[in-house]
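Reading the structure
Residue strings, one per chain:
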2 protein chains.
Amino acid sequence: MVEFLKPMDKRQKILNAATRLFVERGFQNTSTANISKEAGVATGTLFIYFATKDELINAIYKEAKQRMAESLKEGFPQGAATRDKLKHLWAEVAAWALDNSENFRFMHMFSASPFITNLTREEVESTSSFAMQSIKDGMKNGEIASIPIDLFHSILDGFLTGTVRYIAANPSKRKKAIEASFDVFWNGIKGK
Amino acid sequence: MVEFLKPMDKRQKILNAATRLFVERGFQNTSTANISKEAGVATGTLFIYFATKDELINAIYKEAKQRMAESLKEGFPQGAATRDKLKHLWAEVAAWALDNSENFRFMHMFSASPFITNLTREEVESTSSFAMQSIKDGMKNGEIASIPIDLFHSILDGFLTGTVRYIAANPSKRKKAIEASFDVFWNGIKGK
DNA sequence: TGCATAAATGACTGATTAGTCAATTTTTGT
DNA sequence: ACAAAAATTGACTAATCAGTCATTTATGCA
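In this report, we go over the structure that sits alongside the text. This structure is a prediction, so every number in the text was calculated from the model and none was measured.

So, how was this worked out
Residues numbered from 1 in each chain as written. Chains lettered and ligands numbered in written order. Predicted model: local features only at pLDDT ≥ 70, side-chain atom pairs only at ≥ 80, totals over all residues. Heavy atoms only, no water. Near = heavy atom within 4 Å. Polar contact = N/O pair within 3.5 Å; in protein donor to acceptor, adjacent residues only side chain to side chain. Phe/Tyr/Trp six-rings, centres within 6.5 Å; stacked < 30°, edge-to-face > 60°. Lys NZ or Arg CZ within 6 Å of the ring centre and 35° of its normal. Least-squares fit on C-alpha atoms with pLDDT ≥ 70 in both. Contact = heavy atoms within 4.5 Å. Helix = DSSP H or I, 4+ residues; strand = E, 2+ residues; numbered from the N terminus. Nonpolar A, V, L, I, M, F, W, Y, C, P; charged D, E, K, R; others polar.

Looking at the protein's contact with DNA strand C
- Near DNA strand C lie 14 residues; those nearest to it are Ala-42, Thr-45 and Tyr-49 of chain A together with Thr-32 and Lys-53 of chain B.
- Each atom of DNA strand C within 4 Å of the protein was classed as base or backbone; sugar and phosphate made up 67%.
- A distance of 2.4 Å is found between a phosphate oxygen of DNA strand C and a side-chain nitrogen or oxygen belonging to Tyr-49 of chain A.
- In the environment of DNA strand C, a phosphate oxygen lies 2.6 Å from a nitrogen or oxygen atom belonging to the backbone of Thr-32 of chain B.

As structure tokens, then:
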């Protein structure tokens, strides 16, 4: 027998509700009771799945990053030129961010927050190492300009955040905006 | 008689202490008692200058933005080419951010926070309108690529945040890093 | 079916905190 | 020097909230 419409398990319901509320109202301004109510479970249930409220916010961060990374890996053109690899990443991140705007906003809002532990940050770093490696390779062989990797990362983040924010406000211009912002990005970082 | 070493007024002491603590520990995780203690005043004093804790965080945001804008306006080359105007802004922002790293981190951390009201955001917008106007002018006459202003803003933010973060970690490379990141930025956005 | 185990519930509590206010100290003007 | 006004103080309170736990409900398995 096939399972139709298997109800989302409670853990996931809690994660989704918390993401929504944290983005809307901030972490400390959202009580665990708020989250439980929004998720449709009892206040005690939250603490079965997450020992503390801090553990919950760290789980959201970690799982969102992991899911995004999985999405980026799909169909990644390993052997291709750096430009094509980056273009692939660009399109995938934009698509993911638009389909998961709550998670994307969450990642942006809480990436620098003191509630996300260094352990979480470390655990998450490896998920995007395949992309980072491509970038380092591209710098080595001169396809892209040699700039500090932190700076590169921050630039990339600014581009993507801006692109996604723009597309969210102007959905019809999605394709064009992705192309245009990639061109600006590529012109900036390409070698020579 | 000249006033030597006039003690910083209590309002400013509270603003400074709060900025430091909010960046370190987050907004809701910092109690007003923490702030008062750090500032060296009584708990009641905070509420003489700021009716609520929310008013305090909005004041920090507003005044930091305003002070930075003033700094940017100094010596702004009004008649110059867009590239030179942007280069001036670049250097000034980098300098300000490095001299006011607490405030810069604060601005970055709380610019998207739900505690900053829309009114505050509106009030602050005008402080950088002179820079925005230069950018729009540059787009009109083809000196820089025509991209949505929100996207431009976000890209700029990413570049600056990354540059400042890098310089903070590698102070000796300050001059070179500023030049290098501007070049990447300019190659990306220049016209044609 | 019945029993054992796991999951879920929500009333409750100990701790924390934003904001108050009556009392005290400092400043100002004469 | 004095008094009136202004600024400052910190003990206090009403409210909120993270996390607990005794009880109930659901699940798996013989």
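Topic: the packing of aromatic side chains
- Tallied over the full model, the rule gives 25 aromatic pairs over all chains.
- An aromatic cluster is built from Trp-90, Phe-152, Phe-159, Phe-182, Phe-185 and Trp-186 of chain A together with Trp-90, Phe-152, Phe-159, Phe-182, Phe-185 and Trp-186 of chain B, whose rings are joined through pairwise contacts.
- Looking at Lys-53 of chain A, its charged tip hangs above the ring of Phe-27 of chain A, at a distance of 4.5 Å from the centre.

Side note on the relation of the copies chain A and chain B
- For the match of chain A to chain B, the screw axis carries a shift of 0.1 Å, the RMSD comes to 0.1 Å, and the turn is 180°. Look at the turn and shift together and you get a two-fold axis relating the two.
- Counting the interface residues of chain A, we find that 100% of their copies in chain B are interface residues as well, pointing to one common contact surface.

Overview of the protein's contact with DNA strand D
- Close contacts around DNA strand D come from 14 residues, with Thr-32 and Lys-53 of chain A together with Ala-42, Thr-45 and Tyr-49 of chain B the closest.
- Backbone atoms, meaning sugar plus phosphate, form 66% of the atoms of DNA strand D positioned within 4 Å of the protein.
- Ala-42 of chain B places a polar main-chain atom, nitrogen or oxygen, 3.0 Å from a phosphate oxygen of DNA strand D.
- At 2.6 Å from a phosphate oxygen of DNA strand D is found a side-chain nitrogen or oxygen belonging to Tyr-49 of chain B.
- Per element, the largest residue contribution to the surface near DNA strand D is five residues, and it comes from helix α3 (residues 43-49) of chain B.
- Grouping the constituent residues of the surface near DNA strand D by class yields five nonpolar, seven polar and two charged.

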